[in-house]
Amino acid sequence: MAKRAALSSSPLNEPKRMHYLSVTERYFTPRFAIDVNGKPGEDHRILFHSNRIAVLTLAPSHPALSKVVTSVNFDLGQNKNRLENKVRGKMKKGGQWLQPDAKVCVVHCSDGSEYDVYSCIRGNLVEINESLLRRPRLITEKPHADGYLAIIMPKLHENATQQESLLSEQQYHAARCRADQEAAPWQQHSSVAATESGDS
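Computed from a predicted model, the values in this text were never measured in an experiment. In this convention, every chain numbers its residues from 1, walking through the sequence in written order. Reporting of local features is limited, given that this is a predicted model, to residues whose pLDDT is at least 70; pairs of side-chain atoms are given and counted only at 80 or more, and all residues count toward the totals for whole chains, interfaces and linings. Think of the side-chain values as coming from all heavy atoms in the structure, minus any hydrogens and water.

**What to know about the overall build of the chain**
Then step 1. From N to C terminus, the chain includes 6 helices and 9 strands.
Then step 2. Working definition of accessibility: Shrake-Rupley area with a 1.4 Å probe, residue cover restricted to the visible protein chains. Here the chain has roughly 12,700 Å² of accessible surface; of this, 51% comes from carbon and sulfur atoms. Put simply, DSSP marks the helices as runs of H or I at least four residues long and the strands as runs of E at least two long, and each gets a number from the N terminus on.

Okay, structure coming up:
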């Protein structure tokens, strides 16, 4: 009896847990831009759907995701208020045209830091996530779902090249790993220098 109980509780007899893919994993292809606009660590993630829309989010390595986001500003001045963006029809025509270096919004954090977010691709601005005006913390709570920043639609004939211009997930992790390794000696040197300065 005891032997039977032992067998029934064996991990080998436990049902296997299924890994269910999220909507993002099933329907979107992730691409990445690192150190955007020359700013170390400020990495962006763009999720490409088969219907050509691209969802702009912050990459997991972006420093804002480890902070408290207090507000998101889409009014950039100089006739660049993303809140005034309007599209029409099924093809989403008429939206503001964005170049890869076009600023989409500014993310503000509780420590006083702020981060510019860029389009990273060419295309029409379909919509910005107005929910972030009321709940800016969605950026950190659900960065690749409800915390997305904007939706952009590349031109049909440029869709493939836009994706190819960015890093795949594997390339992104490899590049970020190399960057962290290169930064490690400098960080260690700075820490030692600060300690020696404090002892003097």
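**A few points about unusual backbone geometry**
Then step 1. Here the phi dihedral of Asn37 falls at roughly 60 degrees; this positive angle occurs in a residue that is not glycine.
Then step 2. Among the secondary structure elements, Asn37 is positioned in the loop between β1 (28-33) and β2 (44-49).

**Notes on the confidence of the model for the chain**
Then step 1. A score from 0 to 100, pLDDT tells how confident the predictor is in each residue. Per-residue pLDDT for the chain averages 84, and the proportion of residues at 70 or more is 78%.
Then step 2. Within the model, the stretch residues 1-15 combines pLDDT values under 50 with 3 contacts to residues more than four positions away or in other chains.
Then step 3. When the criterion is pLDDT under 50, residues 189-196 qualifies, and its contacts beyond four places in sequence or with other chains add up to 0 contacts. Contact between two residues is taken to exist if any of their heavy atoms lie within 4.5 Å; hydrogens are not considered.

**A short note on the pairing of strand β9 (residues 150-153)**
Residues in a regular strand project their side chains so that they alternate between the two faces of the sheet.
Then step 1. A 1.4 Å probe rolled over the protein chains alone gives each residue an accessible area, and that area as a share of the maximum for its type sets the label: buried under 20%, exposed over 50%, partly exposed in between. Judged by which residues are buried, β9 turns out to be covered on both faces: Ala150 and Ile152 on one side and Ile151 and Met153 on the other are all buried.
Then step 2. Strand pairing is defined by DSSP finding a minimum of two bridges between the two strands. Relative to β9, strand β3 (residues 54-58) runs antiparallel, the two being bridged by 3 bridges. The residue bridging Ala54 from the neighbouring strand is Ile152, located in β9.
Then step 3. Note: strand β8 (residues 123-128) against β9, 4 bridges, orientation antiparallel. Residue pairing for β9: Leu125 is matched across the bridge by Ile152.

**Here's the deal with the sheet that holds β3**
Then step 1. Sheet architecture is open: 6 strands sit in the order β1-β2-β3-β9-β8-β5, paired in antiparallel fashion. A strand with exactly one partner marks an edge of an open sheet, and here the two such strands are β1 and β5 (97-98).

**Describing the sheet that holds strand β4 (residues 69-73)**
Then step 1. One open sheet holds the 3 strands; their spatial order is β4-β6-β7, and the pairing between them is antiparallel. Edge strands, defined here as strands with exactly one partner in the open sheet, are β4 and β7 (114-118). In this sheet, adjacent strand axes meet at a mean angle of 20 degrees when their direction is disregarded.
Then step 2. One ladder, built from 4 bridges, connects β4 with strand β6 (residues 103-109); its direction is antiparallel. Residue pairing for β6: Val69 is matched across the bridge by Cys109. Axis lines are fitted to C-alpha atoms, over the contacting stretch for helices. Their N-to-C directions set the angle, which ranges from 0 to 180 degrees.

**Quick look at the packing of aromatic side chains**
Then step 1. Ring pairs are drawn from Phe, Tyr and Trp, using the six-membered ring of Trp, whenever the two centres fall within 6.5 Å, and their geometry is named by plane angle: stacked under 30 degrees, edge-to-face over 60, tilted for the rest. According to the stated counting rule, one finds 1 aromatic pair in the structure shown.
Then step 2. For the ring pair Phe32 and Tyr172, a centre distance of 4.0 Å and an interplane angle of 5 degrees mean the geometry is stacked. Of this pair, Phe32 sits in strand β1 while Tyr172 sits in helix α6 (residues 169-199); the two residues are 140 residues apart in sequence, bridging distant segments of the chain. When sorted by exposure, Phe32 lands in the same class as Tyr172, which is buried.
Then step 3. Here, a charge over a ring means that NZ of Lys or CZ of Arg falls within 6 Å of the ring centre while also lying within 35 degrees of the ring normal. The cationic tip of Lys155 hangs over the ring face of Trp97; the distance from NZ or CZ to the ring centre is 5.1 Å.

**Topic: the nonpolar core**
Then step 1. What we call a nonpolar core is a set of buried Ala, Val, Leu, Ile, Met, Phe, Trp, Tyr and Cys residues that are connected through their side-chain atoms within 4.5 Å. Judged by nonpolar contacts, the single largest core of 31 residues is most densely connected at Ile46 and Ile139.
Then step 2. Every element with two or more residues in this core is listed here: β2, β3, β4, β6, β7, β8, α4 (138-141) and β9.
Then step 3. Ranked by residues supplied to this core, first place goes to β6 with 4 residues.
Then step 4. Listed in part, the 8 residues of the second largest apolar core include Ile53, Val55, Tyr148 and Met153.

**Remarks on the pattern of salt bridges**
Between side chains of opposite charge, pairing is possible as soon as their charged atoms come close.
Then step 1. The salt bridge definition used is simple: a Lys or Arg side-chain nitrogen within 4 Å of an Asp or Glu carboxyl oxygen. Under the criterion given, the structure shown has 8 salt bridges.
Then step 2. Note that Asp116 and Lys103 form a salt bridge whose closest N and O atoms lie 3.6 Å from each other. With a gap of 13 residues between them, Asp116 in strand β7 and Lys103 in strand β6 connect regions that are remote in the sequence.
Then step 3. For Asp116, a relative accessible area of 14% translates into the label buried.
Then step 4. Lys103 sits in the partly exposed class, given a relative accessible area of 29%.
Then step 5. Here Glu141 makes a salt bridge to Arg135, at a shortest N to O gap of 3.9 Å.
Then step 6. Taken together, the salt bridges that share partners define one network made up of Asp35, Asp43 and Arg176.

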